[in-house]
Each structure stands twice: as structure tokens, then as C-alpha cells.
Amino acid sequence: MDAALSLNDPRVSHMHATLEWRGGPFMLSDASSYGTWVYFGIQSEAVVPRRTECYLVGSGQIGAGCERKDGSPLVSFSVGC
């Protein structure tokens, strides 16, 4: 199954990132020009997978194109067992 999410912000690339389920964990693959920031739980420091991959576990937020701040494009996630 395929799905798409559009974010209307100049920092978000046409094909910014992909999410793929690999039979257990979900994998986020960054393909952007400006970067992707992944915040897990309540942590303030982000994991920044520049043109690489990152497992999504638990819950958190994905910042597309810039760090998490007022007005930045954010997507929340929650991955259950």
C-alpha cells in the first residue's frame, strides 16, 4: 500500500523522505535537500539522518526541512508493538 503526505513549505522537498515497514520496524529514509530532524519522545536533541536511514520507534515528531521551532513543518508519529 502506498500513501502520500504533502507539506506546503519551501523547505520541504518534492520527495523529502520515505517511510517503509520492514516486517517489524518502520524505517525513515531522508532524500531531501534541507534535511530531516527526528525527535524521539521528549528528547530535545534530534537524530538527523542526512541522506541515510533511521528506525522509528516509540513516538515523537519529524521535522521536515528545519529543526523543530514555531512555524516549522512537523509530523507526529507513534509506532506501537
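Conventions adopted
- The residue numbering used here restarts from 1 in each chain and proceeds along that chain's sequence as written.
- For this predicted model, a pLDDT threshold of at least 70 governs which residues receive local features, and a threshold of 80 or more governs which side-chain atom pairs are given and counted, while totals over whole chains, interfaces and linings are taken from all residues.
- Here the side-chain values reflect all heavy atoms present in the structure, with hydrogen atoms and water set aside.
- Helix and strand assignments follow DSSP, with helices taken as H or I runs no shorter than four residues and strands as E runs no shorter than two, numbered in order from the N terminus.
- Two N or O atoms form a polar contact when they lie within 3.5 Å of each other; inside protein one atom must be a possible hydrogen donor and the other a possible acceptor, and for residues adjacent in sequence the pair counts only when both atoms belong to side chains.
- Contact criterion: two residues are considered in contact whenever any of their non-hydrogen atoms come within 4.5 Å of each other.
- Salt bridges are defined by distance alone: a side-chain nitrogen of Lys or Arg within 4 Å of a carboxyl oxygen of Asp or Glu.
- In this scheme, a residue with accessible area under 20% of its type's maximum is buried, one over 50% is exposed, and one in between is partly exposed, where area comes from a 1.4 Å probe on protein chains only.
- A pair of strands counts as paired when DSSP detects no fewer than two bridges linking them.
- Only C-alpha atoms enter the line fits that serve as axes; for helices the fit covers just the stretch in contact. Angles between N-to-C directions range over 0 to 180 degrees.

(A) Representation of the side chain of Ser 29 within the structure. Relative to the elements of secondary structure, Ser 29 occurs in strand β2 (residues 26-30). At 3.4 Å, the side chain of Ser 29 forms a polar contact with the side chain of Glu 53. Setting aside its immediate chain neighbours within four residues, Ser 29 contacts His 16, Ala 17, Thr 18, Thr 52 and Glu 53.

(B) Quick peek at the pattern of salt bridges. In the structure shown here, the tally under the stated rule is three salt bridges. The salt bridge partner of Asp 9 is Arg 11, with a shortest N-O separation of 2.7 Å. Classification of Asp 9 by relative accessible area gives buried; the value is 15%. For Arg 11, a relative accessible area of 25% corresponds to the partly exposed category. Residues Glu 53 and Arg 22 are paired through a salt bridge, measuring 2.7 Å at the closest nitrogen-oxygen approach.

(C) The sheet that holds strand β1 (residues 17-21), seen in detail. Strand order in the open sheet formed by three strands is β1-β2-β4, and the pairing between neighbours is antiparallel. With partners counted over all chains shown, the strands left at the sheet margins are β1 and β4 (53-56), one partner each. Within the sheet, the average angular offset between the axes of one strand and its neighbour, ignoring direction, is 25 degrees. Bridge count between β2 and β4: four bridges; the pairing is antiparallel. Residue Leu 28 lies in a different strand from β4, and its bridge partner there is Cys 54.

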